[in-house]
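Structural description and commentary
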Amino acid sequence: MANRIQLIQGSSIDPEIISRVHAMTDGHQRILVCLDSNHTHEHVLAELEAYAPLVTPGSYCVVFDTIIEDMPADMFPNRPWGPGDNPKTAVHQYLKTHPEFEIDKQIDHKLLISVAPDGYLRRVA
Ligand SMILES: C[S@@+](CC[C@H](N)C(=O)[O-])C[C@H]1O[C@@H](n2cnc3c(N)ncnc32)[C@H](O)[C@@H]1O
């Protein structure tokens, strides 16, 4: 079980990929999830619903590029995301119905510069 690395290729919100990832976690005591694929609100929210439940209490779901919310609107002209539609908006929506997670602001403050402000979600229950 220990130190085994597996690559699973496909869309992170494909139900078959989701179930293969879930199967991979069987028997593990501590799980940290990082989300860093398609940065639209809808996609990240679907990833949170799919993978955040895998996070073990005391560990984290790290959602990258929440910074998009704080960047100029014309910064991503060739991308489907931008202010109002990005990982941070997904995080804030997800947290409304998932009190088992809290944003760990201490990590933001320690990092000083980060692409993931409000993106370190600690599982508290
Ligand atoms: C911001 S990059 C992150 C790369 C990766 N975290 C790394 O450090 O190498 C986003 C990556 O997500 C991939 N991606 C885009 N849509 C995806 C999806 N639906 N499922 C899985 N990966 C996706 C892209 O191909 C790209 O490689």
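Please read all numbers here as calculations on a predicted model, not as lab measurements. (Residues numbered from 1 in each chain as written. Predicted model: local features only at pLDDT ≥ 70, side-chain atom pairs only at ≥ 80, totals over all residues.)

A word on the overall build of the chain. Tallying secondary structure elements over the chain gives four helices and four strands in all. The C-alpha radius of gyration of the chain comes to 15 Å, within 12% of the 14 Å expected for a compact globule of 125 residues. Structurally, the chain occupies a C-alpha span of about 45 × 30 × 30 Å along its principal axes. When burial is assessed residue by residue, the chain has 26% of its 125 residues classed as buried. The long-range fraction of contacts in the chain, counting pairs at least 24 apart against all pairs at least 6 apart in sequence, stands at 61%. (Helix = DSSP H or I, 4+ residues; strand = E, 2+ residues; numbered from the N terminus. Rg over C-alpha atoms; globule rule 2.2 N^0.38 Å. Buried ≥ 20, exposed ≤ 12 C-beta atoms within 10 Å, placed from the backbone. Contact = placed C-beta atoms within 7 Å.)

Below, the discussion takes up the nonpolar core. If you look at the biggest cluster of nonpolar residues, it comprises 17 residues, and the most contacted ones within it are V33, L35, Y51, A52, C61, V63 and L121. Looking at this core, the elements with two or more residues in it are β1 (33–35), α2 (41–51), β2 (60–63), α3 (87–96) and β4 (120–123). With residues up to four places along the chain from it excluded, the contact list for V63 reads L35, V44, P87, V91, A116, G119 and L121. (Core = buried A, V, L, I, M, F, W, Y, C linked by C-beta atoms within 7 Å.)

With that settled, consider the sheet that holds strand β3 (residues 101–103). Sheet architecture is open: four strands sit in the order β1-β2-β4-β3, paired in mixed fashion. Looking along the sheet, the strands with just one partner apiece sit at the ends: β1 and β3. Strand-to-strand twist of the sheet, defined as the mean angle between neighbouring strand axes without regard to direction, takes the value 20 degrees. (Pairing = 2+ DSSP bridges. Axes fitted to C-alpha atoms, helices over the stretch in contact; angles between N-to-C directions.)

Examined against the element boundaries, H28 turns out to sit in the loop between α1 (15–24) and β1. The spatial distance from the C-alpha of H28 to the C-alpha of G84 is 36 Å, given a sequence separation of 56 residues.

Attention now moves to the pairing of β2. Summarising the sheet, β1 and β2 pair through three bridges and their orientation is parallel. If you follow C34 over to β2, its bridge partner there is V62. One ladder, built from three bridges, connects β2 with β4; its direction is antiparallel. Across the sheet, residue C61 finds its bridge partner in β4, namely L121.

Successive side chains on a regular strand alternate, one facing one side of the sheet and the next facing the other. Across three bridges, β3 lies against β4 in antiparallel orientation. Looking at β4, one finds that E102 is bridged to R122.

With that out of the way, let us pick up α2. Those residues of α2 not exposed but buried are H41, H43, V44, E47, L48, A50 and Y51. In the core, the buried residues of α2 are packed alongside α1, β1, β2 and α3.

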